[in-house]
Amino acid sequence: MTTATSKGLEGIIAGDTQICSVAQGDLIYRGYEIHDLAANATFDEVAHLLLVGHKPDAKELQFFRDELIANRALPTQVIDYLRAAKPMLKEGTCVPMDALRTAVSILGNLDKDSQDNSPEANLRKAKRLTAKIPTIIGHMQNIIDGKELIAPNTGGNAKLSHAANMLYLMTGEKPSPEATKTVDVSLTLYAEHDYNASTFTCRVICATLSDMHGAVTGGIAALKGPLHGGANEAAMDMLAEIRKDIGPDNDPAKIEAWMHQAFKDKRKLMGFGHRVYKNGDHRAPILHALGRKTAEQKGAEFVKLFELGEKVQQIMLDEKNIHPNVDFPCGMTYYTMGIPVPQYTPIFVAARVTGWCAHIMEQHANNRLIRPIATYTGPALKKWND
Ligand code: CMC
């Protein structure tokens, strides 16, 4: 047994997985490399690959899609909760990630398989969660906007893909093929990432033989933090702050001065750095290219945002040798698409729930309690009555 401590468990191999490889140079989902998936697979196919375990043929894909579509609508109890959360969302004591976490927990209270951890029940629950999370995001946004819910009886439009339907539920408008493609690819990029903090959280929870909804609820709480999934919102907030501070002209000298002050203040720049990828995150250039294309279609204001982001990236690389992670282009891309910033991390959940559920099923299939030990650094032994 090792007794050395690794702060943040850096470099510790905490288990095996057949779902994803991050550490070996490429990002691979069940044997398929991420560039290949982003270019050639849809998120619906990737979700099948992760959850069912293999690339679907046409018939399997149709069946899988039909199952997701049939499960999109939310129970009234969840809609009632989202309505009740509106004042808290307005007040800011609750942000969309918190409301999503509670909504998923309520889904667990209502799921007929909630206490069944068998592989069959877990797969049914995984599909229901995957189907319903975009509907929670869409209805929550409708409620925040003070609008009627879009398609509450069906959870959307059966003709639309998972990504397109999520955008439709948020806005009531069918997205363009380009917008659909951009969000679809972002979901594929976000779907899975081996033992990242939120997935590890899910595995720790379900390794006690607790249930899938509980584990996913914990996963959402872990993903919310700005050092993890919350970085896509924080990255956009940071760019907005830079724009506010330096003005609209993207003056390189002002950007450099802002960055040098940030370095002096020892600020963490959101959307940069990664525990595993020290030479760059494979996903970031893929999303950057798509987001920039969208910006070029949308107009000068958005191109300027990308130019600002590119300058910030260059300074980080030149002066700190730190690369952007996927959350940096994600912030700019979702902003360019008009998605409200507090929904960026919930959209990350809509993708990562597939990875989480795949890991929960893998853990339950070959379980052992996850229980590490700590090095005690507290006071020396003393007597209570001394
Ligand atoms: N801004 C400024 N300095 C940084 C950053 C950053 N974003 N990232 C790392 N560093 C510095 C860090 O302070 C440390 O400096 P020093 O040696 O002087 O103390 C050095 O780089 C090495 O850091 P590290 O040990 O590689 O960092 P870590 O592995 O403990 O943390 C991280 C990884 C992702 C939490 C961190 O890079 C960070 O806080 N980034 C900003 C938040 C972020 O973008 N998170 C998204 C992560 S990836 C996708 C996802 O999960 O959503």
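Residues numbered from 1 in each chain as written. Predicted model: local features only at pLDDT ≥ 70, side-chain atom pairs only at ≥ 80, totals over all residues. Heavy atoms only, no water.

## Focus: the site of the ligand
Point 1. Not every one of the 21 residues close to the ligand is listed here, only the nearest: H228, L269, R275, K278 and D327.
Point 2. Contact between the ligand and R275: an oxygen atom at 2.6 Å from a side-chain N or O atom of the residue.
Point 3. Interatomic distance of 2.5 Å between a side-chain N/O atom of D327 and an oxygen atom of the ligand.
Point 4. When isolated, the ligand has an accessible area of 930 Å², and the protein chains bury 66% of it.
Point 5. Looking at the shell around the ligand, its residues break down into nine nonpolar, six polar and six charged. (Near = heavy atom within 4 Å. Polar contact = N/O pair within 3.5 Å; in protein donor to acceptor, adjacent residues only side chain to side chain. Areas by Shrake-Rupley, 256 points an atom, 1.4 Å probe, with all protein chains shown as cover. Nonpolar A, V, L, I, M, F, W, Y, C, P; charged D, E, K, R; others polar.)

## Thoughts on the domain arrangement of the chain
Point 1. Along its sequence, the chain is carved into domain 1 (20-224 + 349-365) and domain 2 (231-336).
Point 2. When each unit is reduced to the centre of its C-alpha atoms, the spacing between domain 1 and domain 2 is 27 Å.
Point 3. Counting residues at the interface gives 16 residues for domain 1 and 16 residues for domain 2.
Point 4. When domain 1 packs against domain 2, the two sides together hide about 1,400 Å² of surface, and 67% of this comes from carbon and sulfur.
Point 5. Interface area lost by domain 1 to domain 2 is led by T182, L189 and Y190, which between them contribute 40%.
Point 6. Our enumeration of links across domain 1 and domain 2 arrives at zero salt bridges. (Domains from an automatic or database assignment. Contact = heavy atoms within 4.5 Å. Buried area = accessible area lost by both parts, 1.4 Å probe. Salt bridge = Lys/Arg side-chain N within 4 Å of Asp/Glu carboxyl O.)

## Remarks on the nonpolar core
Point 1. Counting residues in each nonpolar core, the largest one holds 107 residues, and the members touching the most others are Y29, I136 and V216.
Point 2. A per-element tally of this core places helix α16 (residues 344-365) first, with 12 residues.
Point 3. Composition of this core by domain shows at least three residues from each of domain 1 (20-224 + 349-365) and domain 2 (231-336).
Point 4. In this view, Y29 contacts I19, C20, I34, L37, V46, L49, L50, T188, L189, Y190, A191 and E192; residues no more than four positions away in its chain are not counted. (Core = buried A, V, L, I, M, F, W, Y, C linked by side-chain atoms within 4.5 Å. Buried < 20%, exposed > 50% of the residue type's maximum accessible area, 1.4 Å probe, protein only. Helix = DSSP H or I, 4+ residues; strand = E, 2+ residues; numbered from the N terminus.)

## Notes on helix α11 (residues 231-246)
Point 1. In a regular helix each residue adds 1.5 Å, so 16 residues correspond to 22 Å; α11 covers 22 Å between its end C-alpha atoms and thus fits that length.
Point 2. Among the residues making up α11, those that are buried are A231, N232, E233, A234, A235, M236, M238, L239, I242 and I246.
Point 3. Following α11 by one or two positions, G247 adopts a phi angle in the positive range, close to 90°. (Expected span 1.5 Å × (residues − 1).)

## Things to note about unusual backbone geometry
Point 1. Phi is positive for L209, which is not a glycine, with a value near 70°.
Point 2. Following the sequence through the fold, L209 ends up in the loop between α9 (197-206) and α10 (212-224).
Point 3. The exposure class of L209 is exposed, given its relative accessible area of 54%.

## Re the packing of aromatic side chains
Point 1. Taken as a whole and judged by the stated rule, the model has five aromatic pairs.
Point 2. Taking 3.7 Å as the distance between ring centres and 20° as the angle between the ring planes, the aromatic pair formed by Y190 and F348 counts as stacked. Remark: F348 occurs in helix α16 and Y190 occurs in helix α8 (residues 177-190); sequence separation between them is 158 residues. No difference in accessibility class separates Y190 from F348, as the two residues are buried.
Point 3. With centroids separated by 6.3 Å and ring planes inclined at 55°, the aromatic side chains of F302 and Y335 adopt a geometry described as tilted. In this pair, F302 is assigned in helix α14 (residues 300-320) and Y335 in helix α15 (residues 327-336), connecting sequence segments 33 residues apart.
Point 4. Using a relative accessible area of 16% as the deciding quantity, one classes F302 as buried.
Point 5. Above the plane of the ring of F263 lies K320, whose end atom (NZ or CZ) is 4.8 Å from the centre. (Phe/Tyr/Trp six-rings, centres within 6.5 Å; stacked < 30°, edge-to-face > 60°. Lys NZ or Arg CZ within 6 Å of the ring centre and 35° of its normal.)

## Some remarks on the packing of helix α6 (residues 119-144) against α16
Between two packed helices, both the angle of their axes relative to each other and the distance between the axes serve to describe the pair.
Point 1. One way to put it is that α6 packs onto α16 with a least axis distance of 9 Å and a crossing angle of 170°. For the element pair α6 / α16, the angle class is roughly antiparallel. Listed contacts from α16 to N122, L123, A126, L129, T130, I133, P134 and I137 of α6 are P346, I347, V349, A350, V353, T354, C357, M361 and H364.
Point 2. The residue makeup of the contact of α6 with α16, split by class, is 13 nonpolar, four polar and no charged. (Axes fitted to C-alpha atoms, helices over the stretch in contact; angles between N-to-C directions. Parallel < 35°, antiparallel > 145°, perpendicular 65-115°, else oblique.)

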